[in-house]
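In case you want the letters, here they are:
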Amino acid sequence: MRRALAQREHEIIEQVLQQPDYPPLPPCPRCRAPVEAMDSMMEPPQFAVIEQAFLINLKPCGHKFRAAVDLDELM
């Protein structure tokens, strides 16, 4: 999914696309349903846990995912 989203972003930037001409989001990895929207947020910090993650909610299927964040990418 990470690679598919990176490829989608590259296409948008490379072709200077504007909404609504964006390529579709990749399908849900769990059920392969088309994704119409994707919500994400940083996971709230937890005591004694160094790793941070993105919480991702796919719509309309409702599957939720937790993706570890590479701290080097955030700096």
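About the thresholds
- Residues numbered from 1 in each chain as written.
- Predicted model: local features only at pLDDT ≥ 70, side-chain atom pairs only at ≥ 80, totals over all residues.
- Heavy atoms only, no water.
- Pairing = 2+ DSSP bridges.
- Helix = DSSP H or I, 4+ residues; strand = E, 2+ residues; numbered from the N terminus.
- Axes fitted to C-alpha atoms, helices over the stretch in contact; angles between N-to-C directions.
- Core = buried A, V, L, I, M, F, W, Y, C linked by side-chain atoms within 4.5 Å.
- Buried < 20%, exposed > 50% of the residue type's maximum accessible area, 1.4 Å probe, protein only.
- Contact = heavy atoms within 4.5 Å.

### As for the sheet that holds strand β2 (residues 53-59)
The sheet built from 3 strands is open, its strands ordered β1-β2-β3 with antiparallel pairing. Every other strand in the sheet has two partners, leaving β1 (37-42) and β3 (64-68) as the edge strands with one partner each. Between one strand axis and the next, the sheet turns by 25° as a mean value, whatever way the strands run. As judged from the 5 bridges shared by β2 and β3, these two strands associate in the antiparallel manner. In the sheet register, Ile56 faces β3, and the bridge partner there is Phe65.

### Re unusual backbone geometry
Geometrically, the link from Gln19 to Pro20 is a cis peptide bond, its omega value of 5° lying close to zero. Secondary-structure assignment places Pro20 in the loop between α1 (2-14) and β1. Following Lys59, the chain continues into Pro60 via a peptide bond in cis, with omega recorded as 10°. Structurally, the position occupied by Pro60 is in the loop between β2 and β3. Residues other than glycine seldom take positive phi values, yet Val16 does so here, at roughly 50°. Inspection of the secondary structure assignment puts Val16 in the loop between α1 and β1. At Arg32, a residue that is not glycine, the phi angle is positive and equals roughly 65°.

### A closer look at the nonpolar core
One finds Leu25, Cys28, Val35, Ile56 and Leu58 forming the largest nonpolar core, which totals 5 residues. Among all residues touching Cys28, those that are not within four sequence positions of it are Ala33, Val35, Leu58, Cys61, His63 and Phe65.

### Re the pairing of β2
One ladder, built from 6 bridges, connects β1 with β2; its direction is antiparallel. In the sheet register, Ala37 faces β2, and the bridge partner there is Lys59. The loop that links β2 with its antiparallel partner β3 comprises 4 residues; one of these, Gly62, has a positive phi angle of about 85°.

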